[in-house]
Number of protein chains: 2
Amino acid sequence: MSTFHSRLAKVQQQLISDGLDAVLIMSPAATTYLSGCYLLTQTVIPKREAYVLVTGSGHASYLVCNIEEKMAREDSWIEDLHTYVEFKEEPATAVSRLLHQHNLTHARVGIETHTLPTASAQLLRDALPFCTFSSWDTPMAEIMMIKEPEEVAAIETAGRLTLRAITHALTHAAPGSSERAVFTAMMTEMMSHGLYPMFNVFTSGPNTLLVHGEPGSRSLQPGDLIRLDVGGRWPSHYLSDMARTAVVAAPAPQQADNYRKLYNAQMETIEAVRPGIPISDLYHVCAASYGRQNIPFSMPHIGHSMGIGLHEHPLIHPGETTLIQPGMVLNIEPFLADPVRGEGYHIEDLVVVTDTSYRLLTDPTPELIVVPG
Amino acid sequence: MSTFHSRLAKVQQQLISDGLDAVLIMSPAATTYLSGCYLLTQTVIPKREAYVLVTGSGHASYLVCNIEEKMAREDSWIEDLHTYVEFKEEPATAVSRLLHQHNLTHARVGIETHTLPTASAQLLRDALPFCTFSSWDTPMAEIMMIKEPEEVAAIETAGRLTLRAITHALTHAAPGSSERAVFTAMMTEMMSHGLYPMFNVFTSGPNTLLVHGEPGSRSLQPGDLIRLDVGGRWPSHYLSDMARTAVVAAPAPQQADNYRKLYNAQMETIEAVRPGIPISDLYHVCAASYGRQNIPFSMPHIGHSMGIGLHEHPLIHPGETTLIQPGMVLNIEPFLADPVRGEGYHIEDLVVVTDTSYRLLTDPTPELIVVPG
């Protein structure tokens, strides 16, 4: 069975078991997952909505802005392609037409309530007054949560290329370089291996406490901590997301100690990964490691699943009871703030859950990375 | 009056004139505009919602995820800062608490219906059953539509740096280079001048007809057309968005002719820009130029306003009756498909509307850019 038919069958089976007649998918990640087509504009121009409609009979339709028709025709495995012309018709009006064509005028339809804008939901309700719409956020997320081997391979490649770019840029930097110069070298290395930059946290010295700070003109001085959290998209729509901490020249004993404790907490958490236990267990293992090592723990979550989306279900937080299952990909990313030194430390690596435990997709870094002094 | 107080006063005045008691802003661009703080995660992790509440008395509150508290404290001019802890509380629940604190329990509240997710709107309605919520998408967009001089300066700098990076990369490329290599050189140049890459359309040869195609391993051959549409964010949250077309070695006569006609259409459209006429006039001027030059016209829109958001109001389409006003920034971007050659041509430049006409923020390129042969 092809990837498409296998995904479609999962959606069909789940929507039937949920007592629905159809589901209407429009979040960029899930639309990409079901269509096989990545539309850049679905993210950067949110009004340019794209939809996948799946019916209880297992039929899939794909609706895109007519500007994207050629792309959708070439890249998507869904043959039943429909388009709308921007400004002539609202995307939600076009998709309600599609539901009419399928005689889904008195249907129970699952929607992604965390993504579908209020205005689009209202248009759907107005055009289909006899339909009932209900949240299908969690079932869709749960289907995407178990990665296929090809997905794991793409995520692993993206992660390894990202780690290589990070290591290369930091070990070729020097005191006096600006944050921006080192960041640019890192992104250049990523792009030259085919990753499109997606986000860019790169801070040094006192700015390392800004969780999502961006690189500036600050010049790196011996003893400075560098904290980064970067990611790319590879080859067309799987993400990397990796955090690392480095020091310029040589670490102070306290810096080395902070990092070692953070690394210990990460490794203890990773080693706890196995199928059958609730995700929240990983959070508690991490918190306990912080406690034992006497470092302050205050993270609302310590990691997340990832794939086409950056934060995919489940996130590793204390209220998450989902059981760990083979095929899940998890980013484990503890963060440590040292308020005395005014520094933030961060590390983030990827594992895939196997039948009995886990496999590392990226290799954690046991010591602070050192920018040559 | 500070930038903040001037923006706040505009919002306050408009919401009162619309008969509202408060407005709740949460689209990333408008939240950044009102708070002065750019939160990377608001875009890349959409569930991490941030809100600005403005009341009829002119009070502004800012609600962010507690992970972003330090960033918001340092970067935002809104002093009344509130936070929520992810997974303990839904952002919409936290913002409804804020409305309760302001005694806005029986209020008329404007919301951004094109951005606010259905689930968050439902939480608000459930928590505030006596409030009425109505669309405030257009008024917010109209306030942001008229740029302040500092905004125009940021957009101009971003645009000029982008054009310089494009020109540099193309004129230093050579036949045999891959799309990816030239694209990477372009982005490296952009980043080294402080622009964070935002999107990346870069195609060559037959792929130039893929409106939003991304760079791959295809190697550039003499005679190949190159079409690109790239943008960055500078210095923290203003965007550039620029399209250019180039040819490897020397253009065929038909290529030079196609480009010249596209450039003519762009210039005729730009020269029509002046305050007081409806935006749709620009669309018709462009279409008429295509007609006169006997080239096929099929674009649903031929440009858009831009600022913190990529496609800001108004877009230049035939149904858009908004009048052109001083302070608007407009991207003029005609596209030409040559189905016989199987090529797509694109050019995009920026103007700001002045009291009597327009000023170019980036300089249009009258001939195809040539990659040295």
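Residues numbered from 1 in each chain as written. Chains lettered and ligands numbered in written order. Predicted model: local features only at pLDDT ≥ 70, side-chain atom pairs only at ≥ 80, totals over all residues.

Examining the overall build of chain A
Scanning chain A from terminus to terminus reveals eleven helices and 18 strands. Against the 2.2 N^0.38 benchmark of 21 Å for 373 residues, chain A shows a C-alpha radius of gyration of 23 Å, consistent with a compact globule. Once the C-alpha set of chain A is aligned to its principal axes, its extents read approximately 70 × 40 × 35 Å. Contacts in chain A between residues far apart in sequence, at least 24 positions, make up 68% of those at least 6 positions apart. (Helix = DSSP H or I, 4+ residues; strand = E, 2+ residues; numbered from the N terminus. Rg over C-alpha atoms; globule rule 2.2 N^0.38 Å. Contact = placed C-beta atoms within 7 Å.)

Some details on the relation of the copies chain B and chain A
For these two chains of identical sequence, chain B goes onto chain A by a turn of 180° and a shift of 0.0 Å along the axis, with RMSD 0.0 Å. Expressed as a symmetry operation, the mapping of one chain copy onto the other fits a two-fold axis. When the interface residues of chain B are mapped onto chain A, 100% of them again lie at the interface, so the same face is used by both copies. (Least-squares fit on C-alpha atoms with pLDDT ≥ 70 in both.)

Thoughts on the sheet that holds strand E5 (residues 108-111) of chain A
Sheet strands associate in pairs through backbone hydrogen bonding, adopting either a parallel or an antiparallel arrangement. Residue and element names in this part refer to chain A. Spatial ordering of the open sheet is given by E4-E3-E2-E1-E5-E6, a layout of six strands whose pairing is mixed. Only two strands of the sheet have a single neighbouring strand rather than two, namely strand E4 (81-84) and strand E6 (132-135). Taking the axes of each pair of neighbouring strands and ignoring which way they run, one obtains an average angle of 25° across the sheet. In terms of strand pairing, strand E1 (residues 22-25) meets E5 through three bridges, oriented parallel. (Pairing = 2+ DSSP bridges. Axes fitted to C-alpha atoms, helices over the stretch in contact; angles between N-to-C directions.)

Section: the sheet that holds strand E11 (residues 303-305) of chain A
Residues and elements named next belong to chain A. Taken together, the five strands give an open sheet; going across it, the order is E12-E11-E13-E16-E17, and neighbouring strands pair in antiparallel fashion. Looking at strand neighbours, the two that pair on one side only are strand E12 (312-315) and strand E17 (358-360), the edges of this open sheet. Looking at each pair of strands side by side, their axes are set apart by 30° on average, direction ignored. Pairing between strand E13 (residues 329-332) and strand E16 (residues 349-353): four bridges, direction antiparallel. Counterpart to Val329 in the pairing with E16 is Val352.

Comments concerning the environment of Ala174(B)
Residues and elements named next belong to chain B. Position of Ala174 relative to the elements: it lies in the loop between helix H8 (149-171) and helix H9 (179-192). Assessed through the 13 C-beta atoms surrounding it within 10 Å, Ala174 is described here as partly exposed. Taking the C-alpha atoms as reference, Ala174 lies 25 Å from Asp338; in sequence the two are 164 residues apart. With residues up to four places along the chain from it excluded, the contact list for Ala174 reads Val371 and Pro372. (Buried ≥ 20, exposed ≤ 12 C-beta atoms within 10 Å, placed from the backbone.)

Quick notes on the packing of helix H5 (residues 91-101) of chain A against helix H6 (residues 118-127) of chain A
Residue and element names in this part refer to chain A. Running from N to C, H5 and H6 cross one another at 35°; their axes reach a closest spacing of 9 Å. The interaxial crossing formed by H5 with H6 has right-handed handedness. On H6, the residues that touch Pro91, Ala92, Thr93 and Ser96 of H5 are Ser120, Leu123, Leu124 and Ala127. (Left-handed = near helix turned anticlockwise from the far one by under 90°.)

Some thoughts on helix H11 (residues 279-293) of chain A
Every α-helical turn comprises 3.6 residues, leaving residues that sit three or four positions apart pointing alike. All names here are of chain A. Its 15 residues place the ends of H11 22 Å apart at the C-alpha level, agreeing with the 21 Å of an ideal helix rising 1.5 Å per residue. Every buried residue of H11 is listed here: Ile279, Asp281, Leu282, Tyr283, Cys286, Ser289 and Tyr290. Where H11 terminates, the next one or two residues include Asn294, which has phi positive at roughly 60°. (Expected span 1.5 Å × (residues − 1).)

Considerations on the interface of chain B and chain A
When the parts come together, some accessible area is lost, and that loss is often what is quoted as the size of the interface. Listed as interface residues are 46 residues of chain B and, on the opposing side, 46 residues of chain A. When residues of the side of chain B that touches chain A are traced back to their parent elements, those giving at least two are helix H3 (40-44), helix H4 (69-75), helix H6 (118-127), H9 and strand E7 (196-204) of chain B. No other element matches the six residues that H9(B) contributes to the side of chain B that touches chain A.

Side note on the pairing of strand E2 (residues 51-55) of chain A
For a regular strand, the rule is simple: side chains alternate between the two faces of the sheet. Residue and element names in this part refer to chain A. Burial runs high along E2: five of the five residues are buried. Bridging between E2 and strand E3 (residues 60-65) involves four bridges; their strand directions are antiparallel. Paired with Tyr51 across the strands is Leu63, a residue of E3. Hairpin connection of E2 to E3: four residues between the antiparallel strands, including Gly58 at a positive phi of 85°.

Brief notes about the domain arrangement of chain A
Residue and element names in this part refer to chain A. By domain assignment, chain A separates into domain 1 (3-144) and domain 2 (149-371). Listed by partner, the interface residues are seven residues for domain 1 and seven residues for domain 2. Secondary structure elements with two or more residues in the side of domain 1 that touches domain 2: helix H2 (28-35) and helix H7 (137-145). Its residues assigned to classes, the side of domain 1 that touches domain 2 shows five nonpolar, one polar and one charged. (Domains from an automatic or database assignment. Nonpolar A, V, L, I, M, F, W, Y, C, P; charged D, E, K, R; others polar.)

Quick word on the environment of Thr31(B)
All names here are of chain B. With respect to the element layout, Thr31 can be found in helix H2 (residues 28-35). Along the backbone, Thr31 and Ser357 are 326 residues apart, and their C-alpha atoms lie at a distance of 31 Å. Not counting chain neighbours up to four residues away, the residues in contact with Thr31 comprise Ile25, Met26, Gln42, Ala50 and Val52.

A closer look at H9(B)
The end-to-end C-alpha separation of H9(B) is 20 Å, in line with the 20 Å expected for 14 residues at 1.5 Å each. By the criterion of burial, H9(B) is predominantly enclosed, with twelve of the 14 residues buried. Looking at H9(B), one finds that the buried residues are Glu179(B), Arg180(B), Val182(B), Phe183(B), Thr184(B), Ala185(B), Met186(B), Met187(B), Thr188(B), Glu189(B), Met190(B) and Met191(B). Where the residues of H9(B) are buried, they touch helix H9 (179-192) of chain A together with H8, E7 and strand E8 (225-234) of chain B. Gly194(B) sits one or two positions beyond H9(B) and adopts a positive phi of about 95°.

Notes on the confidence of the model for chain A
Taken over all residues, the pLDDT of chain A has a mean of 97, while the share at 70 or more is 100%. What the predictor reports for the complex is a pTM of 0.97 with an ipTM of 0.97. (pLDDT = per-residue confidence, 0-100.)

Regarding the packing of helix H10 (residues 253-271) of chain B against helix H11 (residues 279-293) of chain B
Residue and element names in this part refer to chain B. In the contact formed by H10 and H11, the axes pass within 9 Å of each other and the chain directions differ by 150°. Accordingly, the angle class assigned to the pair H10 and H11 is roughly antiparallel. Two packed elements cross with a definite hand, and for H10 against H11 that hand is right-handed. Residues Lys261, Asn264, Ala265, Glu268 and Thr269 of H10 touch H11, and the partners they reach there are Leu282, Val285, Cys286, Ser289, Tyr290 and Gln293. (Parallel < 35°, antiparallel > 145°, perpendicular 65-115°, else oblique.)

Here we look at the pairing of E4(A)
Residue and element names in this part refer to chain A. Alignment of E3 against E4, held across four bridges, turns out to be parallel. Paired with Val64 across the strands is Thr83, a residue of E4. Running through helix H4 (residues 69-75), the crossover from E3 to the neighbouring parallel element E4 is right-handed. (Right-handed = clockwise from strand over helix to strand, strands pointing away.)

Topic: the environment of Leu161(A)
All names here are of chain A. Note on placement: Leu161 falls in helix H8 (residues 149-171). The class for Leu161 is partly exposed, based on 19 C-beta atoms found within 10 Å. Along the sequence, Leu161 and Leu40 sit 121 residues apart, while their C-alpha atoms lie 22 Å from each other. Discounting chain neighbours no more than four positions away, the residues touching Leu161 are Met190, His193, Leu195 and Trp234.

Thoughts on unusual backbone geometry
Residues His313(A) and Pro314(A) are joined by a peptide bond in cis, for which omega reads 0°. Inspection of the secondary structure puts Pro314(A) in strand E12. Put simply, Trp234(B) and Pro235(B) share a cis peptide bond, and its omega is -20°. Here the phi dihedral of Asn103(A) falls at roughly 55°; this positive angle occurs in a residue that is not glycine. Among the secondary structure elements, Asn103(A) is positioned in the loop between H5 and E5. Its 10 C-beta neighbours within 10 Å are what place Asn103(A) among the exposed residues.

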